[in-house]
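# Coordinates in review
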Amino acid sequence: MTNVAILGFGVVGGGVADLLTKNSAEVKKLGGDEINIKYILDLRDFPDSPFADKVVHDYNVIVDDPEVDCIIEVMGGSHPAYEYTMAALKAGKSVITSNKEVVANFGDEFLAAAEASGVSYRFEAAVGGGIPVISPMINCIGQNKITEVRGILNGTTNYILTKMFSFGAGFEESLKDAQERGYAERNPDADILGTDACRKIAILSSLATGRLVPTENIHTEGITGIRKADVKAAEKLGMSIKLLGRSIIADDGTYIMVAPFMIGKDSPLSNVSGVYNAIEVLGEPIGSVMFYGPGAGAGATASAVVGDLMQVMCSGRACAQPTMIKSLDGVCDFAEFESRQYIALSGADQNSITASFGEVQFIPADEEIAFITKKMREGDVEAKLESLGAEIKSRIRLA
């Protein structure tokens with residue numbers, strides 16, 4: 001019998017407990033052993049829950065129990081998740097998590113501690129909910145030369161942008177709708193400011209490069225500045241707007257970023273709508289592969305967590321794990337990143353824009369002037385906009 005403990009009994013923790021219980025026959029068949037939920041750690045009691053007798057409030061009870069083989073951390077946040085995870089790994093217990101924040105901040109330390117103890121640290125559920133992408137990147141396509149990882153990594157922002165395109169709604173109206181439907185939190189900042197997607201692209205980039213880039217060093221923009229006028233401009237161009245996390249890997253270094261991008265309708269990411277996520281991996285010789293599915297929710301995330309548990313059980317605790325070192329080596333200055341850009345200005349005319357930017361593609365717009373630049377460095381665009389002295393209404397890169 002394999003004994004597990006679940007840290008956190010919220011939506012995801014409850015989903016994991018339910019899946020392990022309701023699908024116990026399937027879990028035993030795939031993992032080769034019965035699973036026993038020995039403990040559930042939470043600050044609260046759950047007297048009406050069928051798992052009420054499993055709840056404890058002292059983590060030491062769990063980490064000091066030699067019968068506990070694996071700890072499932074679904075608490076969220078960096079602390080005390082960091083302290084609990086390190087204590088478990090040093091005690092010789094494998095750890096599985098859905099906590100993207102703690103992986104993005106400390107994944108390198110956890111993998112080193114797991115290797116030292118001969119156990120596993122698994123985090124499939126930390127990126128893309130139920131979408132299996134971590135394991136395939138390690139085990140199935142890791143032998144390729146990865147040139148880019150990009151994706152729609154946040155369902156809340158994708159839902160908001162989908163509503164803006166499908167119904168012509170504004171940002172605030174679309175956000176309110178997402179909150180009413182339970183897709184956005186009361187405080188949605190982690191989603192709409194790009195923080196959530198930033199943590200996820202940091203993790204994905206580390207799998208491709210071996211370097212875990214601190215999130216504060218990743219250029220991050222959200223979607224709060226996207227306007228109805230921008231949606232109309234994208235439609236005129238036959239494009240859509242998506243919040244993308246991108247890690248572009250070249251011989252001279254890696255550009256890593258989160259920002260809204262205009263993408264053509266021929267891109268597989270263009271038609272990903274609603275709360276769904278999609279991750280595209282480009283490499284040689286494989287070409288392009290895409291992973292698509294629900295990016296959050298109790299069922300989807302629990303599925304990924306239990307999938308990791310099956311891997312740990314079948315691999316004798318120590319699974320194949322990635323190399324991850326926290327480093328900025330090889331990370332390119334975002335000011336050097338080149339792209340075409342959609343820019344909308346007030347207080348400028350076509351002659352002054354052409355004089356500054358050279359040949360551009362002007363887009364008909366009401367009460368402002370909008371255009372698409374040629375491919376340019378970020379730093380050059382910044383300098384030219386500053387020299388124009390016009391009010392910047394919008395600025396969106398083209399992927």
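As the structure is a computational prediction, the values presented were derived from the model and not from experiment.

### Side note on the overall build of the protein
Counting secondary structure elements, the protein contains 14 helices and 20 strands. For the protein, whose C-alpha radius of gyration is 23 Å, the value lies close to the compact-globule estimate of 21 Å for 399 residues. Considered along the principal axes of its C-alpha atoms, the protein spans approximately 75 × 45 × 35 Å. About 17,100 Å² of surface is accessible on the protein, with carbon and sulfur atoms providing 48% of the total. Put simply, the protein has 36 plus and 53 minus side-chain charges, and the middle of one group is 4 Å from the middle of the other.

### Side note on the sheet that holds strand E6 (residues 121-122)
One open sheet holds the six strands; their spatial order is E3-E2-E1-E4-E5-E6, and the pairing between them is parallel. Edge positions in the open sheet fall to strand E3 (55-56) and E6, since each of these has one partner strand only. The pairing of strand E1 (residues 2-7) with strand E2 (residues 35-41) spans six bridges and is parallel. Paired with Val-4 across the strands is Ile-37, a residue of E2. Sitting on the sheet, helix H12 (residues 298-314) is in contact with E1, E2, strand E4 (68-73), strand E5 (94-97) and E6, with an inclination near 160° to E5.

### Let's talk about the packing of aromatic side chains
The tally for this structure, following the rule as stated, stands at 14 aromatic pairs. Ring plane angle 15° and centroid distance 4.0 Å describe the contact between Tyr-59 and Tyr-84, whose orientation is recorded as stacked. With Tyr-59 in helix H3 (residues 59-63) and Tyr-84 in helix H4 (residues 81-90), the pair connects residues that are 25 residues apart, well separated along the chain. The partly exposed category is assigned to Tyr-84, whose relative accessible area is 22%. One aromatic cluster is present, built from ring pairs that chain together Tyr-82, Phe-106, Phe-110, Tyr-121 and Phe-123. A cation over a ring is seen here: Arg-246 above Phe-261, with NZ or CZ 5.0 Å from the ring centre.

### Here we look at the environment of Ser-49
Turning to its location among the elements, Ser-49 is positioned in the loop between E2 and E3. A polar contact of 3.0 Å, which involves the side chain of Ser-49, links it to the backbone nitrogen of Phe-51.

### Examining unusual backbone geometry
Residue His-79 is joined to Pro-80 through a cis peptide bond whose omega torsion reads 10°. For Pro-80, the position within the fold is in the loop between E4 and H4. Geometrically, the link from Glu-284 to Pro-285 is a cis peptide bond, its omega value of 10° lying close to zero. By the secondary structure assignment, Pro-285 is in the loop between strand E12 (276-284) and strand E13 (287-294).

### Let's talk about the pairing of E1
Buried residues dominate E1, accounting for six of its six residues. With burial as the criterion, each face of E1 is covered, one bearing Thr-2, Val-4 and Ile-6 and the other bearing Asn-3, Ala-5 and Leu-7. When E1 meets E4, the two strands line up parallel, connected through five bridges. Note that in E4 the partner of Asn-3 across the bridge is Val-68.

The rules behind these values
Residues numbered from 1 in each chain as written. Predicted model: local features only at pLDDT ≥ 70, side-chain atom pairs only at ≥ 80, totals over all residues. Heavy atoms only, no water. Helix = DSSP H or I, 4+ residues; strand = E, 2+ residues; numbered from the N terminus. Rg over C-alpha atoms; globule rule 2.2 N^0.38 Å. Areas by Shrake-Rupley, 256 points an atom, 1.4 Å probe, with all protein chains shown as cover. Lys, Arg positive; Asp, Glu negative; His and termini not counted. Charge placed at Lys NZ, Arg CZ, Asp CG, Glu CD. Pairing = 2+ DSSP bridges. Contact = heavy atoms within 4.5 Å. Axes fitted to C-alpha atoms, helices over the stretch in contact; angles between N-to-C directions. Phe/Tyr/Trp six-rings, centres within 6.5 Å; stacked < 30°, edge-to-face > 60°. Buried < 20%, exposed > 50% of the residue type's maximum accessible area, 1.4 Å probe, protein only. Lys NZ or Arg CZ within 6 Å of the ring centre and 35° of its normal. Polar contact = N/O pair within 3.5 Å; in protein donor to acceptor, adjacent residues only side chain to side chain.

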